Amino acid sequence: MFYDRFLELCRQKGVSPAAAAREMGFSNATTTQWSHGSIPSKASLSKISTYFDVSTEYLKTGIGTAATSETHSPDNSAPIEPDTFQFERFVHLCKQQGKMQSHLYDLVGLPSKAGSNLKRTKKVKPEILEVWAAELNTSAEYLNGDSLHTDRSGRTDKLLKDPAAFQAVCELLYQYGKYLMISGSRRGGQPLNLQGQWNANIRPAWSSNYTVNINTQMNYWGASLCGLQECLEPYLRMVHEVCKRGEKTAKVNYGCRGFACNHNVDLWRKTAPVIGESNYMYAPLCGVWLANEIYEHYLNGGLDAERDTVLEIVRQAALFIMDYLVEHDGCYVSCPSASPEAVFDRNGRCALGLHSAFENGLARQALMNAASIVEEPSERTKIQNTLDHLQPFEYAQEGLSEWSGGISCSEKGHRHFSPLYALYPGRVAGAKDPELLFQMRKLFDCRQANSKGQIGWSTAWAICLAGRFHDGATAQKNIQLLIDKALFRNLFNVHWPAIFQIDGNFGYVAGVNECLIGYQDGVIELLPALPPDWREGKMNGAQIRGARISFSWKNGQVTQVSSDREIILSGKNLAKNCRIGELIRLKEGT
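It should be emphasised that the depicted structure is a prediction, and the values quoted were computed from it without experimental measurement.

(A) Structural view of the layout of surface pockets. Estimated volume of the second largest pocket: approximately 1,100 Å³. Lining the second largest pocket are 44 residues, with Ala429, Gly430, Tyr519, Gln520 and Asp521 positioned closest to its centre. Mapped onto the lining of the second largest pocket, the elements with two or more residues apiece are helix H16 (286-300), helix H18 (357-373), helix H20 (434-450), helix H21 (456-468), strand E11 (517-520) and strand E12 (523-526).

What follows is the structure in structure tokens.
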């Protein structure tokens, strides 16, 4: 229907539907009629066609390409002579972008009627080409005869839709994510929030806050493994400030030691619940999640100077867990217990149950972390005793049970994969418990099969989980979905239907990391979930558990691997003639 095409065009243009309608002079009532199936008038279609630079036929029927004939260069039929100024391309781009030729001549000191001379000589100085290329959002090479029009104004949508460019786009997105991290998270500044530093609105979506029931954590999932430890400083500082502020919330709201933080943090480090519905506002273990993330980055290396701060955060999180849990049928459980933004049906709509899989995973990870870092023997014994008596995970028809008692989420395709926290980003679940892993995979498949909308950060989380499941095919499927459905043309992540949110960009980076390098029980594994179409490549300087590793692969097998310190490496996916660095020891039996 027309409205679906309208939403898709808004997504590609990088503008919200409301803003696009407003800029074209349409009222909210008009767009509401569109959403109910109404077709705009001929005059309105013409206006929309001009705004999006598409044909009215495409708007009405969806048949053919979205591009108008004007988007195709008029000189396609003529052979291009390299290093010769393409006057026709210059004229076409000026017309396409509404730029006056005389203005561009004036910028470089040429007379306003220079066109006839340029058309005849086909020679332009390189410095002039650079100025015009910047003005016309293209490259100097394109204006001078090169066949590739890079179109810095955002024609990347063509690249994203080219099946032959899949691996190149994957690498571009990975490097782009690292670039965004370096640009947006620097020492002394604030950590990355929902829009990073690229928010353009006075009142942005979700106030551009730090949503710590997934989004803020996802922003930094891939940072340490990429070797970007310096970019973690604002994040670590924020979590430490939340830890301090959250001590009062733990004491006043929950009667516990340690620190507590709910789902929404702002510049002033708010840790108490916001006003709202309990399925999202009641989330007292989000501070524990932040603590677990900090410890994971610490283990990857590069934060040794911050050991005391990390220890304090991890210890305070464990103290809160031990006080917050209650005893039930001989086990420790969390109650009331939430699973981010999820609800279930029990004589009506409910959001709080007994010991959710999400909070079970958080508690286990926090206690495992504290047991490994706390040095005082009696305190470590208490932590281990609590860990040993946590209620086990339970199973339901869809797989892993979201709450104790076999209770599942009402929405089978829910966007949050929170019940699977213990697998990723946590490290609780693994090969040692194949039944738990099987039930987690069953729930993962259920959520994937019933998903109704493509949300960038949720798709990125699915890539990460596919990596932990060692399933390269599913990872590739979700990567393709993210490219097809969850990117603006400038490669920013989309939160359906057309809201910019940056977490998916960073979650994708973490997903690539999980596909290429894994770690469990002291052993590093390379290419655990290699997407089938990534036939060859290399990864340089990945930092995991204190070691910097570089490796190359071809046809799904590692051909060379090196490390700057001693590591134990799984022998899986290594070519027979793989060149292995002298500091690498292969795990026996692999």
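After that view of the structure, there is still more to cover.
(B) Representation of the nonpolar core within the structure. Within the largest apolar cluster, 139 residues are counted, with the highest numbers of intra-cluster contacts made by Trp461, Trp534 and Phe551. With ten residues, the single largest contributor to this core is helix H17 (residues 307-324). Residues in contact with phenylalanine 551, not counting those within four places in the same chain, are Leu516, Leu526, Leu527, Gly537, Lys538, Met539, Val558, Gln560 and Val561. Counting residues in each nonpolar core, the second largest holds 19 residues, with Leu7, Leu9, Phe26 and Tyr51 among its members.

(C) Unusual backbone geometry, seen in detail. Backbone torsion omega between cysteine 335 and proline 336 reads 0°, so that peptide bond is classified as cis. Topologically, proline 336 is positioned in the loop between strand E4 (331-333) and strand E5 (344-345). Residue proline 425 follows tyrosine 424 across a cis peptide bond; omega there is 10°. Examined against the element boundaries, proline 425 turns out to sit in the loop between strand E8 (399-400) and H20. The phi torsion at serine 207 lies on the positive side, around 60°, for a residue other than glycine.

(D) Structural detail: the side chain of threonine 309. As for its placement among the helices and strands, threonine 309 is situated in helix H17. Among residues more than four places away in sequence, those in contact with threonine 309 are Leu236 and His240.

About the cut-offs
- Residues numbered from 1 in each chain as written.
- Predicted model: local features only at pLDDT ≥ 70, side-chain atom pairs only at ≥ 80, totals over all residues.
- Heavy atoms only, no water.
- 1 Å grid on protein atoms, 1.4 Å probe; cavity = no way out; pocket = protein on both sides within 12 Å on 5 of 7 lines; lining within 4 Å.
- Points joined across faces, edges and corners; volume = space filled by probe spheres on them.
- Helix = DSSP H or I, 4+ residues; strand = E, 2+ residues; numbered from the N terminus.
- Core = buried A, V, L, I, M, F, W, Y, C linked by side-chain atoms within 4.5 Å.
- Buried < 20%, exposed > 50% of the residue type's maximum accessible area, 1.4 Å probe, protein only.
- Contact = heavy atoms within 4.5 Å.

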